[in-house]
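One letter stands for each residue in the lines below.
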Amino acid sequence: MQVEQTFVMVKPDGVKRGLIGPIITRFEQKGFELAAISLRTIDRNLAETHYGELKSKPFFGELVDYLTSGPVCAMIWQGPHAVENARAIIGKTNPVEAGPGTIRGDFGMDISGNIVHGSDSDASAAREIGLFFDRDHVAQPSAQLFGGTAVAR
Ligand code: UDP
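Residues numbered from 1 in each chain as written. Predicted model: local features only at pLDDT ≥ 70, side-chain atom pairs only at ≥ 80, totals over all residues.

**Here we look at the environment of Thr102**
What counts, and what does not: Helix and strand definitions here come from DSSP, where helices need a minimum of 4 consecutive H or I residues and strands a minimum of 2 consecutive E residues; each element is numbered from the N-terminal end. Put simply, a residue is buried when 20 or more other C-beta atoms lie within 10 Å of its own C-beta and exposed when 12 or fewer do; between those, it is partly exposed, and each C-beta is set from the backbone. What counts as a contact is two residues whose backbone-derived C-beta atoms lie within 7 Å of each other.
Within the secondary structure layout, Thr102 lies in the loop between helix 5 (82-90) and helix 6 (103-107). Accessibility expressed as a C-beta count within 10 Å gives 20 for Thr102, which makes it buried. Each C-alpha atom, one on Thr102 and one on Ala35, is 22 Å from the other, the two residues being 67 residues apart in sequence. Residues in contact with Thr102, not counting those within four places in the same chain, are Ile89, Ile90 and Gly91.

Structure representation (structure tokens):
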């Protein structure tokens with residue numbers, strides 16, 4: 001079984017509302033293994049780089065304001081089909097459309113505060129992990145949990 005990693009970030013509204021614990025619980029209950037975690041306040045430069053693909057969108061400035069409005073909790077979660085499984089439990093971008101049982105569906109009300117980020121592809125995951133974490137401090141997939149081989153990034 002191939003074990004992949006994805007980047008997940010509890011956004012400032014999720015941190016302020018005390019949702020780091022419930023979100024970690026959902027990832028653990030799904031079967032993910034935590035590889036790295038860091039609570040930090042990010043600067044505008046990192047927020048703009050992270051969301052670089054959205055630079056031309058009308059909401060870009062507000063998105064950067066939102067992401068830099070307080071601490072975020074950056075995490076790497078690993079397991080089979082990590083990107084797809086994380087997106088499934090996070091739910092659709094707009095909490096109005098995110099189904100019940102998903103993080104955004106259960107905890108969010110509006111697209112301007114959708115609680116959590118999850119990478120949308122393996123390439124994005126590798127890029128975002130590189131932006132937020134030093135590779136030397138990331139745990140490798142546990143043979144006990146998954147019995148698999150890590151995807152080298
Ligand atoms: N976003 C927003 N308004 C929009 C679309 C997106 O504020 O109309 C924000 C929202 O926080 C979202 C982020 O921009 O999570 C990134 O958008 P993307 O389309 O990549 O969605 P995601 O991958 O986060 O589901």
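There is more to say after this.
**Some thoughts on the environment of Trp77**
Relative to the assigned elements, Trp77 resides in strand 3 (residues 72-79). C-beta crowding within 10 Å serves as the criterion here: with 27 such atoms nearby, Trp77 is assigned to the buried category. In this view, Trp77 contacts Thr6, Val8, Phe27, Phe32, Leu34, Ala35, Ala82 and Ala86; residues no more than four positions away in its chain are not counted.

**Re the environment of Ala126**
By secondary structure assignment, the location of Ala126 is in helix 7 (residues 122-132). Note on Ala126: 18 C-beta atoms within 10 Å, which makes it partly exposed. It is 7.6 Å that separates the C-alpha atoms of Ala126 and Thr6, two residues lying 120 residues apart in sequence.

**Some words on the UniProt feature "binding site: ATP" (unreviewed entry) in the chain**
Rules: UniProt positions are given in the numbering used here, feature names are shortened, and annotations may be inferred rather than shown by experiment.
Following the UniProt record, one finds the feature "binding site: ATP" (unreviewed entry) at Lys11, Phe59, Arg87, Thr93, Arg104 and Asn114. With respect to the secondary-structure elements, Lys11 resides in the loop between strand 1 (2-10) and helix 1 (12-16). Given 22 C-beta atoms within 10 Å, Lys11 falls into the buried group. Beyond its immediate sequence surroundings of up to four residues, Lys11 is in contact with Tyr66, Leu67, Val72, Ile115, Val116 and His117. Among the structural elements, Thr93 can be located in the loop between helix 5 and helix 6. For Thr93, the residues in contact, after removing those within four places along its chain, are Ile111 and Asn114.

**Examining unusual backbone geometry**
Of note in this structure, His81 is not a glycine but carries a positive phi near 50 degrees. Positionally, His81 belongs in the loop between strand 3 and helix 5. The phi angle at Ile115 is positive, at roughly 75 degrees, despite the residue not being glycine. Its place among the elements puts Ile115 in the loop between helix 6 and strand 4 (116-118).

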